[in-house]
Amino acid sequence: MTDMNKEAISVLNDLIETSKDGQEGFKTCAEDIKHPELKALFVKRSGDCATAAAELQATVRSMGGDPETSTSVSGDLHRRWVDVKAMFTGKDEEAVLNEAERGEDHALKAYRDAIDKINKHNLVGIRDLVERQYHGVQRNHDQVKALRNQARARS
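Residues numbered from 1 in each chain as written. Predicted model: local features only at pLDDT ≥ 70, side-chain atom pairs only at ≥ 80, totals over all residues. Heavy atoms only, no water.

With an unreviewed UniProt entry as reference, the protein chain is termed PA2169 family four-helix-bundle protein, source organism Pseudomonas ekonensis.

Trainee: So what exactly am I meant to see when it comes to the overall build of the protein chain here?
Mentor: When its secondary structure is counted, the protein chain shows five helices and zero strands. Mapped from its N terminus to its C terminus, the protein chain presents α and β elements in the order α-α-α-α-α. In the protein chain, which comprises 155 residues, the share counted as buried stands at 45%. Contacts in the protein chain between residues far apart in sequence, at least 24 positions, make up 77% of those at least 6 positions apart. Here the protein chain has roughly 8400 Å² of accessible surface; of this, 53% comes from carbon and sulfur atoms. (Helix = DSSP H or I, 4+ residues; strand = E, 2+ residues; numbered from the N terminus. Buried < 20%, exposed > 50% of the residue type's maximum accessible area, 1.4 Å probe, protein only. Contact = heavy atoms within 4.5 Å. Areas by Shrake-Rupley, 256 points an atom, 1.4 Å probe, with all protein chains shown as cover.)

Trainee: Help me understand the packing of aromatic side chains, please; the structure alone is not making it clear to me.
Mentor: Any pair of aromatic rings gets described here by the distance separating the centres and the angle formed by the planes. Summed over the entire model, instances satisfying the criterion amount to one aromatic pair. Between the aromatic rings of F26 and F42, the centroid separation amounts to 5.9 Å while the plane-to-plane angle is 25 degrees, which identifies the pairing as stacked. Placement of the pair is F26 in helix α1 (residues 3-32) and F42 in helix α2 (residues 36-62), with a sequence separation of 16 residues. For the pair shown, F26 and F42 are each scored as buried. (Phe/Tyr/Trp six-rings, centres within 6.5 Å; stacked < 30°, edge-to-face > 60°.)

Trainee: Could you clarify how one ought to interpret the packing of α1 against α2 in this entry?
Mentor: Packed helix pairs are characterised by how far apart their axes lie and by the angle those axes make with each other. Following both chains from N to C, one finds α1 and α2 inclined at 160 degrees, their axes separated by 8 Å at the closest point. Taken together, α1 and α2 sit at an angle that is classed as roughly antiparallel. Every pair of crossing elements has a handedness; the one defined by α1 and α2 is left-handed. For the contact of α1 with α2, the per-class residue count stands at 15 nonpolar, seven polar and five charged. (Axes fitted to C-alpha atoms, helices over the stretch in contact; angles between N-to-C directions. Parallel < 35°, antiparallel > 145°, perpendicular 65-115°, else oblique. Left-handed = near helix turned anticlockwise from the far one by under 90°. Nonpolar A, V, L, I, M, F, W, Y, C, P; charged D, E, K, R; others polar.)

Trainee: How should I be thinking about the environment of Q150 in this particular structure?
Mentor: Mapping Q150 onto the fold places it in helix α5 (residues 124-154). Sequence-wise, Q150 and E94 are 56 residues apart; in three dimensions their C-alpha atoms are separated by 8.7 Å.

Trainee: Explain the packing of α1 against helix α4 (residues 93-120) here, please?
Mentor: Following both chains from N to C, one finds α1 and α4 inclined at 170 degrees, their axes separated by 10 Å at the closest point. By the criterion of interaxial angle, the relationship of α1 to α4 is roughly antiparallel. For the pair α1 and α4, the contacting residues are E7, V11, D14, L15, T18, S19, D21, F26, C29 and D32 in the first and V96, A100, E104, H106, A107, A110, Y111, A114, K117 and I118 in the second. Here the contact of α1 with α4 is built from residues that sort into 11 nonpolar, three polar and six charged.

Trainee: Please explain α2 as it appears in this structure.
Mentor: Side chains of residues three or four places apart in an α-helix project in the same direction, reflecting 3.6 residues per turn. The end-to-end C-alpha separation of α2 is 39 Å, in line with the 39 Å expected for 27 residues at 1.5 Å each. The set of residues buried in α2 consists of L38, L41, F42, R45, S46, C49, A52, A53, L56, Q57, T59 and V60. Against the buried residues of α2 lie α1, α4 and α5. After α2 finishes, the residue G64 shows a positive phi value of roughly 85 degrees. (Expected span 1.5 Å × (residues − 1).)

What follows is the structure in structure tokens.
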């Protein structure tokens with residue numbers, strides 16, 4: 001395996017963890033919220049993250065690597081913190097949306113870092129995949145932020 005492949009696999013495995021974090025984070029949000037439309041949105045976003053992770057895992061396998069299969073430690077800690085915080089805030093809509101947005105902020109940073117590494121190491125073979133997924137994360141972030149702003153305006 002070439003050094004370029006090793007670097008690409010490392011970048012993709014980091015994004016798999018991020019996608020798995022998103023999958024679990026949105027699942028937690030769906031469980032914590034009562035509003036049916038938001039619940040459906042979070043369930044769909046969780047599924048979208050699972051699809052993204054599977055696509056990244058398949059790419060890692062096609063490059064001869066072992067794909068990451070778990071969430072990150074920081075994602076696990078964030079979800080525990082969300083659960084503890086939710087006990088005290090009553091899991092209101094705005095609080096859940098704040099946490100979803102925080103998770104999406106983390107995902108955007110992870111994808112930006114990945115794109116920087118791709119450019120630095122000229123990993124053109126994975127650029128299109130990562131950029132396409134980055135734009136999906138950006139759309140998720142913007143939608144969650146808009147919903148959070150609407151919830152804030154109602155309270």
